[in-house]
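One letter stands for each residue in the lines below.
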Amino acid sequence: MKGILYSRQKLKVVLSIILTFYSLTSFAQDRVIKGTVSAGNEQLIGANVLIKGTSIGTLTDFEGKFKLTVPEDATTLVFSYIGFLSQEIEIGTQSTIDVNLSEDSEQLDEVVVVGYGTMKKSDLTGAVNTVKMDDIPQRPATSVEQLLQGQAAGLQITNSSGQPGSDVSVKLRGVSSLLGESSPLLVVDGFPIGSAGNLKQINPNDIKSIEVLKDASASAIYGSRGANGVIMITTKKGSGGQMKIDFNSRVSLATPPNEFNVIKDPAQYATIHNEGRTNAGLQPFYVGETFQGTYYPSVQEITSGAWGTSTDWPGVVYRNALAQDHNLSASGGSENTKYYFSLGYLGQEGINIGDDYKRYNMRVSLDQKILRNLMAGVNVIYNHTDQNSVNAGGVNRSPVFPVYDDNGSYFFIGGQDFYHPMVWANEVVNNNKGHDFISNMYLSLKIMNDLELKTTMNIKSGNGITDHYEPIGKTWQGAESVGYGYISNYNDLDLLSETYLTYSKTINQKHRISAMAGWSAQKYTVRTSQLTGKGFVNDNLVNQDLNSAENKDIVNSLSSNLLLSGIGRLNYVYDDKYLITGTIRADGSSKFGKNEKWGYFPSVAVGWNVQNEEFLKSSDVVSQLKVRLSWGQAGNQGLPAYRVDERYGTGRYPNPTADGTFTTGFGPGVYSYSPDGIYKIWEGMANQDLKWETTTTANLGVDLGLFKSKVMLTAEVYHKYTTDLLRREQIAPSSGYDMMWVNDGEIKNTGVELSLDYSVIESKDWDWSVKGMISKNRNEVVNIGNTDGFDWYGGTVEKFRTPITVLMPGQPLGAFYGYKTDGIIQTFEEGLEAGLTGSRARPGEIKYVDLNGDGVVDANDRTIIGDPNPTFIYSFSTKLRYKKLDFSILFTGVQGNQVYNNTKFDGAALLNRWTPDNPTNDYPSLNEARAYEASDYWIEDGSYLRISNINLGYNFSSNNIKWLDRLRVYTSIDNPVVFSDFQYGYDPEVGGDGIHWGNYPMPTTYSLGLNVTFN
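Cut-offs used in this document
- Residues numbered from 1 in each chain as written.
- Predicted model: local features only at pLDDT ≥ 70, side-chain atom pairs only at ≥ 80, totals over all residues.
- Heavy atoms only, no water.
- UniProt positions renumbered as here; feature names shortened; annotations may be inferred.
- Helix = DSSP H or I, 4+ residues; strand = E, 2+ residues; numbered from the N terminus.
- Buried < 20%, exposed > 50% of the residue type's maximum accessible area, 1.4 Å probe, protein only.
- Contact = heavy atoms within 4.5 Å.
- Areas by Shrake-Rupley, 256 points an atom, 1.4 Å probe, with all protein chains shown as cover.
- Lys, Arg positive; Asp, Glu negative; His and termini not counted.
- Charge placed at Lys NZ, Arg CZ, Asp CG, Glu CD.
- Pairing = 2+ DSSP bridges.
- Phe/Tyr/Trp six-rings, centres within 6.5 Å; stacked < 30°, edge-to-face > 60°.
- Lys NZ or Arg CZ within 6 Å of the ring centre and 35° of its normal.
- Salt bridge = Lys/Arg side-chain N within 4 Å of Asp/Glu carboxyl O.
- Expected span 1.5 Å × (residues − 1).
- Polar contact = N/O pair within 3.5 Å; in protein donor to acceptor, adjacent residues only side chain to side chain.
- pLDDT = per-residue confidence, 0-100.
- Domains from an automatic or database assignment.
- Core = buried A, V, L, I, M, F, W, Y, C linked by side-chain atoms within 4.5 Å.

As annotated in an unreviewed UniProt entry, the protein chain carries the name TonB-dependent receptor plug domain-containing protein and comes from Flammeovirga pacifica. Quoted verbatim from the Sequence similarities (unreviewed entry) heading of the UniProt record, the comment on the protein chain is "Belongs to the TonB-dependent receptor family." Word for word, the UniProt comment on the protein chain under Subcellular location (unreviewed entry) is "Cell outer membrane".

Chemist: Residue-level account of the overall build of the protein chain, with values.
Modeler: Across its full length, the protein chain holds 12 helices and 57 strands. Its C-alpha atoms give the protein chain principal-axis dimensions of roughly 100 × 70 × 60 Å. Counting only residues that meet the buried cut, the protein chain has 52% of its 1015 residues in that class. In the protein chain, of all internal contacts separated by at least 6 residues, the share reaching a separation of at least 24 is 69%. When the accessible surface of the protein chain is totalled, it reaches about 43,400 Å², and 54% of it is carbon and sulfur. Counting 87 positive and 110 negative side-chain charges, the protein chain places the centres of these two groups 8 Å from one another.

Chemist: Which residues make up the pairing of strand β19 (residues 241-255), and what are the values?
Modeler: Pairing between β19 and strand β22 (residues 321-333): 12 bridges, direction antiparallel. Within β22, the position partnered with Arg250 by the bridge is Asp325.

Chemist: I'd like a rundown of the sheet that holds strand β53 (residues 939-941), residues and numbers included.
Modeler: Pairing in this open sheet of 3 strands is mixed, and the strands run β53-β52-β56 from one edge to the other. The outermost strands of the open sheet, each flanked by one partner alone, are β53 and β56 (995-996).

Chemist: I'd like a description of the pairing of strand β16 (residues 191-195), backed by residues and values.
Modeler: The two faces of the sheet receive side chains in turn, since in a regular strand these alternate between them. In this structure, strand β15 (residues 185-188) lies alongside β16, joined through 4 bridges in antiparallel fashion. Bridged to Leu186 within β16 is Gly194. Linking β15 to β16, which pair antiparallel, is a turn of 2 residues; within it Asp189 sits at a positive phi near 50°.

Chemist: Tell me about the sheet that holds strand β45 (residues 805-807), and please be specific about residues and values.
Modeler: Taken together, the 4 strands give an open sheet; going across it, the order is β44-β45-β46-β49, and neighbouring strands pair in antiparallel fashion. For this open sheet the edge positions go to β44 (791-792) and β49 (863-866), each flanked by a neighbour on one side alone. As paired strands, β44 and β45 are joined by 2 bridges and run antiparallel to one another. By the bridge assignment for β45, Asp791 is matched with Leu807.

Chemist: Can you lay out the packing of aromatic side chains for me, pointing to particular residues and giving the numbers?
Modeler: A full pass over the atoms with the stated rule returns 37 aromatic pairs. Each ring, one from Tyr295 and one from Trp307, has its centre 6.2 Å from the other, and the planes form 40°; the classification is tilted. Of this pair, Tyr295 sits in strand β21 (residues 294-296) while Trp307 sits in the loop between α7 (299-304) and α8 (313-317), and the two are 12 residues apart along the sequence. Residue Tyr295 is classed as partly exposed on the basis of its relative accessible area, which comes to 33%. Judged by centre distance (6.2 Å) and plane angle (10°), the ring pair of Tyr574 and Tyr578 falls under stacked. Here the basic side chain of Lys454 rests over the ring of Tyr442, its NZ or CZ set 4.9 Å away from the ring centre.

Chemist: Tell me about the UniProt feature "domain: TonB-dependent receptor plug" (unreviewed entry) in the protein chain, and please be specific about residues and values.
Modeler: The UniProt entry lists residues 121-230 under the feature "domain: TonB-dependent receptor plug" (unreviewed entry), expressed in the numbering used here. Taken end to end, residues 121-230 has its terminal C-alpha atoms 17 Å apart, with 7% of it in helix and 27% in strand.

Chemist: Give me the pattern of salt bridges: which residues, what numbers.
Modeler: According to the stated counting rule, one finds 40 salt bridges in the structure shown. With a shortest N-O distance of 2.9 Å, Asp325 and Arg250 are connected by a salt bridge. Taken together, the positions of Asp325 in strand β22 and Arg250 in strand β19 put the pair 75 residues apart, joining distant regions of the chain. Accessibility classification places Asp325 together with Arg250 in one group, the buried group. Between Arg881 and Asp767 there is a salt bridge, and its shortest N-O distance comes to 2.9 Å. Note that Arg881 is positioned in strand β50 (residues 872-882) and Asp767 in strand β43 (residues 766-783), a separation of 114 residues in sequence. Of the two residues, Arg881 and Asp767, both sit in the buried class. Beyond isolated ion pairs, a larger network of salt bridges with shared partners links Lys510, Asp575, Lys577 and Glu613.

Chemist: Summarise helix α6 (residues 266-279); cite the residues concerned and give the values.
Modeler: With 14 residues, α6 extends 20 Å between its outermost C-alpha atoms, agreeing within 8% with the 20 Å of an ideal straight helix rising 1.5 Å per residue. Within α6 the residues assigned to the buried category are Pro266, Ala267, Tyr269, Ala270, Ile272, Asn274, Glu275, Gly276 and Arg277. Tucked into the core, α6 has its buried residues touching α7. Structurally, the start of α6 carries an N-cap: the backbone nitrogen of Ala267 is 3.1 Å from a side-chain oxygen of Asp265. Backbone geometry just after α6 places Gly281 at a positive phi near 80°.

Chemist: Provide a residue-level description of the confidence of the model for the protein chain, including the pertinent values.
Modeler: Of all residues in the protein chain, 94% attain a pLDDT of 70 or more, and the chain-wide mean is 89. In this model, residues 1-29 is a region of pLDDT below 50 whose contacts with residues beyond four sequence positions or in other chains number 111 contacts.

Chemist: Help me get a handle on unusual backbone geometry, residues and values and all.
Modeler: For Asp724, which is not glycine, the phi dihedral falls at a positive 55°. Taking the relative accessible area as the measure of exposure, Asp724 reaches 25% and is therefore partly exposed. The phi dihedral of Lys883 falls on the positive side, at around 55°, and the residue is not glycine. Within the secondary structure, Lys883 is located in the loop between β50 and β51 (885-895). Under the relative-accessibility criterion, Lys883 is labelled partly exposed at 39%.

Chemist: Give me the lowdown on the environment of Thr532, citing residues and values where you can.
Modeler: Relative to the helices and strands, Thr532 is located in strand β29 (residues 511-534). For Thr532, a relative accessible area of 9% gives the class buried. Note: C-alpha distance between Thr532 and Ala549 (17 residues apart in sequence) is 8.8 Å. Sequence-distant contacts of Thr532, that is, excluding residues within four places in its chain, are made with Tyr484, Gly485, Tyr486, Asn551, Lys552 and Asp553. A distance of 3.2 Å separates a polar atom in the side chain of Thr532 from a polar atom in the side chain of Gln530.

Chemist: I'd like a description of the domain arrangement of the protein chain, backed by residues and values.
Modeler: How large an interface is tends to be reported as the accessible area lost when its parts come together. Segmentation of the protein chain into domains returns domain 1 (30-100) and domain 2 (265-309). Placing a centre on the C-alpha atoms of domain 1 and another on those of domain 2 gives a separation of 81 Å.

Chemist: Which residues make up the nonpolar core, and what values go with them?
Modeler: In terms of nonpolar packing, the biggest core is built from 40 residues, with Phe800 and Tyr900 touching the most fellow members. Among the secondary structure elements, those contributing two or more residues to this core are α6 and β48 (846-848). Per-element accounting of this core gives the leading share, 4 residues, to α6. Excluding its chain neighbours within four sequence positions, the residues that come into contact with Tyr900 are Phe800, Ile804, Phe816, Ile865, Ala934, Ser935, Trp938, Ile939, Gly994, Ile995 and His996. Listed in part, the 28 residues of the second largest apolar core include Leu147, Ile157, Val170 and Ile381.

Chemist: Describe the environment of Asp312, naming the residues involved and giving the relevant values.
Modeler: Assignment of secondary structure puts Asp312 in the loop between α7 and α8. On the accessibility criterion, Asp312 (39% relative accessible area) is partly exposed. When the C-alpha atoms of Asp312 and Pro266 are compared, they prove to be 9.6 Å apart, with 46 residues separating the residues in sequence.

Chemist: If you had to explain the environment of Trp768 to someone new, which residues and values would you point to?
Modeler: Note on placement: Trp768 falls in strand β43. Separated by 10 residues in the primary sequence, Trp768 and Tyr758 have C-alpha atoms spaced 8.7 Å apart. Beyond its immediate chain neighbours, meaning those up to four positions away, Trp768 contacts Tyr758, Ser759, Val760, Ile761, Thr878, Lys879 and Leu880. A polar contact is formed between the side chain of Trp768 and the side chain of Thr878, at a distance of 2.7 Å.

Here it is in structure tokens:
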């Protein structure tokens, strides 16, 4: 029973942490009833004690005790607790009432939200993780996805930027697409609203629970959008009874890293700079002379103290940043009407000067029983965001020079200093404002006891505006264009209508049947426009008078697509032992050609509740054992609209009169630029045979509960195979085009997932639980169609003048490609023997390997040099409660991935350079003219273990405060420590491409919070 109390009930151990004694008031107060509520030998924390027929009641405290003032006419108390049978006790003349509740086996079986319905967890055949918001540490976050890090096996959340409002990378069981969507589908209260990454529209405080659908049995019901899995979010709703008001407030301080990869000492900086230019055959700057209007002191002047300036640029650019997060909600209702209302505000400064983010949320939920068999409801969400993101940078500027000159103006170094951080923070405008409106409406008709009809109408409307301006002469674009500004707008509208029937029937207490069938229609439209101006008289009006610009450019677009679907599911359970589930979805999309308009996505799964067999029912060790096996297909339609049609575009061409005028041409073909920006790539050829990507998944799962479910273990093994990859393929020049969208290629993902929950101690004064999970995924490109050998994947990296990631059969997606290296050349003879020539063979150069042994190092020696995909990801956490004090800590980690570190030989690393007096084999010499090659020299181990959050809280007693239900204060630290061998970078946690660009640093954040519930 002990394990069941805390592990299998709908509200788990967290209830014992966050619930405190509360009481509701009554106008007629006459006497006090007290007592204890228990189950067996265990006291129940947070059990309900209610005066029958009223909303007057209380909750038991941490010792299972209660005290309730009752009116004179009260006759009966009702005692209830989730997972147990309710009891009614006559008050009579008693002043002390002790109650022992019995288990309710039906309630103990948790209900899980699945696509288009709910299901008892014991009946579940698919791979589904449920994340309760109470299980997630209270921590600062601008999106829901950030909070999910480390909460579900197989779900990889990568937060590679500390900038407020930034997106995160979300992968579930690897990547299954090249150019289509690669993140899971987000479904909020049944409404698919897009891919995971930055769900800013939903306030985390409004979320009740999150389900992660991982295999095809669970996600195939979403058909062409379910190939990457589904994250289902269920928001809070009102409950019957007296109004309850919740107020949650948090104030945070974010601090930048203590160390930056910079040279802070002015003399060292000048020495390094001079050496790099001298070795390149260039005139050194720091020699006591004037260049481009700036006097550069000599190293001797700096060392002697004659030059007194020393600027700590990290201290200028970065700051301690404040944030505040306040949320207020009210819920309640009656038997027929239930409501929930919330307001939220998040204001967050960035640690980089000039950056900030504000978010305003409002939500209203109303459920109304119109007739005995007719329910209606509406859920309305409004969200407004306001973000300034100039990302000033500049930490690697020369510490020799000041921030401001003697007149208080910006100090510019030379004639083309376009990256002064104070200019970007104070004078560059880069502001984005967004508004989002989401509405869900439903009608539910109970046609008969076993048959229900539900119809929904969902609307999502969003609009945003970006203001951008760069002042005259102070940035590169501002100097090139004599002032540069634009206003960019977007507006999107997503309409979804769904209707489905659900039939549920139990026959002879042995056979349980559930069937669902319905249809869905969704239309999405987006409009964009941008007005750009170049050439301004002054900066006074920034981008607010673009009409005054000398040159103006207008770009706008309209895109729309339609998705029609039929859906069905059948679930059968025999004797609570044997389970089978089948689903089917047919999707027809306007994105695909007339030859491949419809796609069909089936799934089937079976399960066996072994613990209900006679040979295991009486076991004192095994309390739960389920085996699950599933197979299914899901699709991906995440390509832009109109790729099946011939597309027309425009181009501007100079007139032959050479008078500076242009003619606009219109015709077949649209173009983009090559990764290096040098030449145009023409597309636009129709392909009526474009079709869905299809991912076929097989999954074997085992759920094991031991010792009355004190120990819960889940293991999953899966195989995902994606065919008909959507990709752009180079075609013959004779066609008149360069690229065309095709279905070509295959990818597979195979993996294993393990998760463990262990309730170590459960007692009156102590609770201690631990939770851990580990996931291993192996990704492989099986083929890439008719491409010869390999294909580039990703854009050109400027430092190397080439892309560095590829698609190659037999290799993981996005593998690093380049030269192997063997340290640093020590003598010219060694360089020549290695097959290098000219300046590449000099001492102090990186020694590239002649891999094919032909005596020459050239492009034919390039090979796979690294893998950005981790061997496994993991997390573990522990929660501890002692009486009213609670503590939790969360660790997250990644192991076995490699990072391409572009900053490995920047900043402070330059101090370790090769010289004749320091013949290191780890770092090359300094040379400003060196052309680096993409190679494994830049690859580092990206493994890390992070303490993600530490949380300490105290629950105050509210025994004598009638209007107070709960009061908790807490303090937390986010990202205090990262354990890693990664060098000369802010953080090893990088984006999905595995490249470290010198990212926006992740701060350490200290928070103080308050949770209050009022009656």
